[in-house]
Amino acid sequence: MSLIEKINELRAYNEEQEWFEFKENWFEPDTLGEYVSALSNAAAFHHKEKGYFIWGVNDVTHEIVGTTFNQYRDCNKEPYQNYLARNLSPSVNFEFEEIEIDNNRVVVLVIPAAEEIPTAYKEKRYIRIGSSKANLKDYPKREIQLFKILDGRVETIESLPAKYQELTFQKLFGYYGSKGIVLKNETFEKNLGLRNKNGDYNLLAQLLSDDSHIPIRVSIFEGESKATQLLSVREFGNNCLLYSLDNILQYGDVINIIQADEEGRVVERKDVPLFNNDAFREAIINAILHNYWVSCNEPMISVFSDRIEILSRGTLAPAQTEEGFFAGESVPVNDKLSEIFLQLHISEKSGRGVPKIVEIYGKEAITFRENSIVVSIPFNRIHKIGRKSEVIVIDRQPLNARRQAILTEIGQNPYITIEDLASKLGVSDTTIDNNISFLKKKGYIRRKGKKGGYWEIIE
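Below is a short write-up of the structure. (Residues numbered from 1 in each chain as written. Predicted model: local features only at pLDDT ≥ 70, side-chain atom pairs only at ≥ 80, totals over all residues. Heavy atoms only, no water.)

1. Some thoughts on the packing of aromatic side chains
Thinking step 1. If you walk through the whole model with that rule in mind, you get 26 aromatic pairs.
Thinking step 2. A centroid spacing of 4.6 Å and a plane angle of 45° characterise the contact between phenylalanine 53 and tryptophan 55, whose relative ring orientation is tilted.
Thinking step 3. By relative accessible area, tryptophan 55 is classed as buried at 0%.
Thinking step 4. By the ring-pair criterion, three or more aromatic residues cluster together here, those being Trp26, Phe27, Tyr35, Phe53, Trp55, Phe69, Tyr80, Tyr83, Phe94 and Phe96.
Thinking step 5. Directly above the ring of phenylalanine 27 sits arginine 73, whose terminal nitrogen or CZ lies 4.3 Å from the centroid.
Thinking step 6. Above the plane of the ring of tryptophan 455 lies arginine 447, whose end atom (NZ or CZ) is 4.7 Å from the centre. (Phe/Tyr/Trp six-rings, centres within 6.5 Å; stacked < 30°, edge-to-face > 60°. Buried < 20%, exposed > 50% of the residue type's maximum accessible area, 1.4 Å probe, protein only. Lys NZ or Arg CZ within 6 Å of the ring centre and 35° of its normal.)

Written out as structure tokens, the structure is:
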């Protein structure tokens with residue numbers, strides 16, 4: 001990736017991240033040295049190879065505005081670059097680079113990430129907290145975590161070798177192509193960070209490969225807990241993670257039955273979805289993006305009669321607080337995966353996901369457990385239901401759980417056979433036949449064609 005491409009990548013963030021800083025013409029010799037320490041340590045903390053201090057970019061709008069900053073000036077009667085290098089410890093092989101973008105001069109200070117021990121300036125170690133520079137000793141949790149990272153005691157999806165090394169990426173190329181982005185065979189592994197320092201494919205590569213060997217399941221239960229009958233299990237894993245995510249979001253559209261509200265009707269009826277699709281989408285994306293994949297456990301999605309539970313493995317990121325979490329302060333658990341989601345416009349760096357869920361369902365929708373975070377999305381029913389087995393109401397009459405499960409399977413695969421339905425739901429062919437007859441008679445589905453035909457759900 002060229003320096004111009006890197007700058008444009010950083011400008012695409014909604015706000016500055018802890019490992020890069022934008023300025024126009026600012027310069028204070030010792031404060032800049034403290035920034036170098038902070039950015040070097042922050043880059044290591046976030047598993048980046050380098051940090052960046054960039055002159056010529058507005059730090060609010062991220063527009064290229066140009067700069068008059070002079071990287072060759074003197075400080076205390078010696079070249080500033082010598083002054084800076086002399087006061088950094090251990091030695092940091094930083095570089096000033098000057099380029100032109102749209103006829104505007106831009107200067108970039110490229111700062112290698114700390115190695116082995118944190119980088120200090122005049123014997124003090126600094127770190128970035130959000131967009132602010134701070135003394136590392138004032139944040140002991142971050143200091144401990146940083147030393148663990150530098151000691152190699154923290155595994156990430158970028159450092160952990162993939163369990164399978166014979167990986168292919170045709171689907172990844174296809175997904176990027178569908179977004180108008182061309183991957184190059186010669187550079188995509190490096191640009192996407194698919195190999196660790198030893199040259200092995202890492203866990204990130206496995207997740208993005210044609211077969212991740214990691215299942216992601218959606219389980220549907222009859223009642224309000226897992227103690228009730230398991231009606232259906234749909235598997236979306238063992239695929240490129242990007243396609244798995246798309247498939248789960250599409251499956252959410254199948255589950256999200258539109259109910260007809262006839263109350264107070266004058267001309268047009270009001271269609272009411274079972275749950276808010278925006279909140280569901282944000283919860284699913286966050287669960288996959290921030291899942292602690294190095295535990296070799298995938299997110300878990302469970303559909304009950306009254307809610308959907310979306311469980312993500314792991315807890316808050318070490319640099320995150322519960323207050324910051326609810327405020328929407330974005331602290332990625334999987335940095336490189338977060339960059340990929342941003343590049344593909346799957347997610348944003350605005351941190352709007354959690355606030356969106358809280359706005360709709362309140363903080364009580366999110367539960368922190370010892371080793372997981374659970375988002376619970378309640379169903380908005382417009383009719384009361386007497387029996388627990390009746391799990392969905394739409395514009396006809398109550399459907400029991402089994403019939404709803406059949407509708408769900410048909411919505412996912414209109415070509416599904418009676419035998420396949422019986423196998424998936426664990427019942428006899430006769431039971432499926434009887435329920436199919438009911439659904440046809442009551443106007444929920446119709447058959448299109450005979451042999452080789454398919455089912456059509458009637459809205």
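More follows now that the structure is in view.
2. Side note on empty space enclosed by the protein
Thinking step 1. For the structure on display, the rule yields 2 cavities of 30 Å³ or more.
Thinking step 2. One number sums up the size of the second largest cavity: a volume of about 30 Å³.
Thinking step 3. Forming the boundary of the second largest cavity are Leu207, Ser212, Ile214, Ile216, Gly237, Asn238, Asn239, Leu241, Ser244 and Trp293. (1 Å grid on protein atoms, 1.4 Å probe; cavity = no way out; pocket = protein on both sides within 12 Å on 5 of 7 lines; lining within 4 Å. Points joined across faces, edges and corners; volume = space filled by probe spheres on them.)

3. Re the sheet that holds strand S12 (residues 230–235)
Thinking step 1. Reading across the sheet, the 6 strands line up as S12-S11-S15-S16-S18-S17 and stay open at both edges, with mixed pairing between neighbours. If you trace the sheet from one side to the other, it starts and ends with S12 and strand S17 (366–368), each paired once. The average angle at which neighbouring strand axes cross in this sheet is 15°, direction not considered.
Thinking step 2. Relative to strand S16 (residues 307–313), strand S15 (residues 300–303) runs antiparallel, the two being bridged by 4 bridges. Residue pairing in the sheet places isoleucine 301 in a bridge with isoleucine 310 of S16.
Thinking step 3. Packed on one face of the sheet, helix H8 (residues 241–255) meets strand S11 (217–221), S12, S15 and S16 and runs near 20° to S11. (Pairing = 2+ DSSP bridges. Helix = DSSP H or I, 4+ residues; strand = E, 2+ residues; numbered from the N terminus. Axes fitted to C-alpha atoms, helices over the stretch in contact; angles between N-to-C directions. Contact = heavy atoms within 4.5 Å.)

4. Focus: the pattern of salt bridges
Thinking step 1. This model, assessed by the stated rule, comprises 17 salt bridges.
Thinking step 2. The closest approach of N and O atoms between glutamate 339 and lysine 48, which form a salt bridge, is 2.1 Å. One end of the pair, glutamate 339, is in helix H11 (residues 335–343); the other, lysine 48, is in the loop between helix H2 (29–45) and strand S2 (50–55), with 291 residues separating them in the sequence.
Thinking step 3. Three or more residues joined by partner-sharing salt bridges are found here, namely Glu21, Lys23 and Arg128. (Salt bridge = Lys/Arg side-chain N within 4 Å of Asp/Glu carboxyl O.)

5. What to know about the pairing of strand S18 (residues 372–378)
Thinking step 1. Counting buried positions over the 7 residues of S18 gives 5, a clear majority of the element.
Thinking step 2. Bridge count for S16 against S18 is 7 bridges, and the pairing is antiparallel. Pairing of arginine 307 across the sheet is with proline 378, part of S18.
Thinking step 3. Sheet topology places S17 next to S18; 3 bridges connect them, and they run antiparallel. Bridging across to S18, threonine 367 finds its partner in valine 374.

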